Amino acid sequence: NPAARQKHRAQFFIPSTYAGCDGRTHSVQMECGLFGALAVDIDTGNHELLTVAAAVAAVTGGARAEIYSSSSAQPDNRKWRVLVPLATSIPGRDYADTQKAFFELLGAHGMACDVALSRPGQPVYLPNVPPKYRDRDGRPVFYQSWHVPGPLLELSPGHAIVEAREGLASARAADEAAAAEHAAAQRKKRLAYVEATGDDFEPIAHFNANNTVADMLAR
């Protein structure tokens, strides 16, 4: 029974135990949050409900899920939200990578997920069909939902989502190492140039030292 609110008044939640006044701040949720569910937003593809459910089941291994159509979904433009409760909550520092891994695996099943929901402070909208998407009697022109029964998702070692998450972390570590190596090489090159020419003038540092954002905006 979805709510009938305008989007700017629609209810939402963040699947985290942290609900402080700064709970919409991604860095705060990453530090303080404890997340009890994964969330998915599928706005493209016009998939059937059963197609979405099958993709989710294939990735989670048949875990419990809640699937419902988004507020702007229409019969010829179906959009979905999926909630997958976890057996064991995960810390905020692992949430983004876990979400991205989940999205990547769903993508292999044809589901293009909105990566915005990988951010720890991103709101997840609850079932809602605004008045403009209802008929004269107030009934939704289109709304579908399904409670998918099953066990809570346990992200234990060896689970496909955990392995994909570890792969993302390894790739990021490799990128960071390559960037650090490149920066060190650039510093070494710069030092060699200064020693050879005696010219240690740095244009960017000079500009930043003599200009402020406020002054540039004023100009």
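Peer 1: Would you mind showing me how to read the nonpolar core here?
Peer 2: Note that soluble globular proteins tend to have their nonpolar side chains buried in a common cluster. Counting residues in hydrophobic clusters, the biggest one holds 39 residues, and the most contacted among them are Leu38, Phe102 and Leu106. Apart from the residues lying within four places of it in its own chain, the contact partners of Leu38 are Val82, Leu83, Val84, Leu86, Ile90, Tyr95, Thr98, Gln99, Phe102, Leu153 and Ile161.

Peer 1: Is there a simple way to think about unusual backbone geometry in this case?
Peer 2: Phi is positive for Asn46, which is not a glycine, with a value near 50 degrees. Within the fold, Asn46 resides in the loop between strand E2 (34–42) and helix H2 (49–60). When its relative accessible area of 28% is taken as the criterion, Asn46 is described as partly exposed.

Peer 1: Got a minute to help me understand the side chain of Lys79 in this structure?
Peer 2: Relative to the elements of secondary structure, Lys79 occurs in the loop between strand E3 (65–69) and strand E4 (80–91). Among buried Asp, Glu, Lys and Arg side chains, Lys79 stands out as unpaired, with Asp43 the closest opposite charge at 5.3 Å. A polar atom in the side chain of Lys79 sits 3.2 Å from the side chain of Ser72. Setting aside residues no more than four positions away along its own chain, Lys79 makes contact with Ile42, Asp43, Tyr68, Ser69, Ser70, Ser72 and Ala73.

Peer 1: Even after reading the chapter, I still don't get the packing of aromatic side chains, so can you show me in this structure?
Peer 2: The relative placement of two aromatic rings is captured by the distance of their centres and the angle of their planes. According to the stated counting rule, one finds three aromatic pairs in the structure shown. Summarising the aromatic geometry, the rings of Phe35 and Tyr95 are spaced 4.0 Å apart at their centres and angled 20 degrees between planes, so their arrangement reads as stacked. With Phe35 in strand E2 and Tyr95 in helix H3 (residues 92–107), this pair connects stretches of sequence that are 60 residues apart. With respect to burial, Phe35 and Tyr95 carry one shared label: buried. Considering the side-chain rings of Trp80 and Phe142, the 6.3 Å spacing of their centres and the 70 degrees angle between planes classify their relative orientation as edge-to-face. Note that Trp80 is positioned in strand E4 and Phe142 in the loop between strand E5 (124–125) and strand E6 (145–148), a separation of 62 residues in sequence. The ring of Tyr125 has Lys7 sitting right over it, with the charged end atom 5.6 Å from the ring centre.

What counts, and at which threshold
Residues numbered from 1 in each chain as written. Predicted model: local features only at pLDDT ≥ 70, side-chain atom pairs only at ≥ 80, totals over all residues. Heavy atoms only, no water. Core = buried A, V, L, I, M, F, W, Y, C linked by side-chain atoms within 4.5 Å. Buried < 20%, exposed > 50% of the residue type's maximum accessible area, 1.4 Å probe, protein only. Contact = heavy atoms within 4.5 Å. Helix = DSSP H or I, 4+ residues; strand = E, 2+ residues; numbered from the N terminus. Lys, Arg positive; Asp, Glu negative; His and termini not counted. Salt bridge = Lys/Arg side-chain N within 4 Å of Asp/Glu carboxyl O. Polar contact = N/O pair within 3.5 Å; in protein donor to acceptor, adjacent residues only side chain to side chain. Phe/Tyr/Trp six-rings, centres within 6.5 Å; stacked < 30°, edge-to-face > 60°. Lys NZ or Arg CZ within 6 Å of the ring centre and 35° of its normal.

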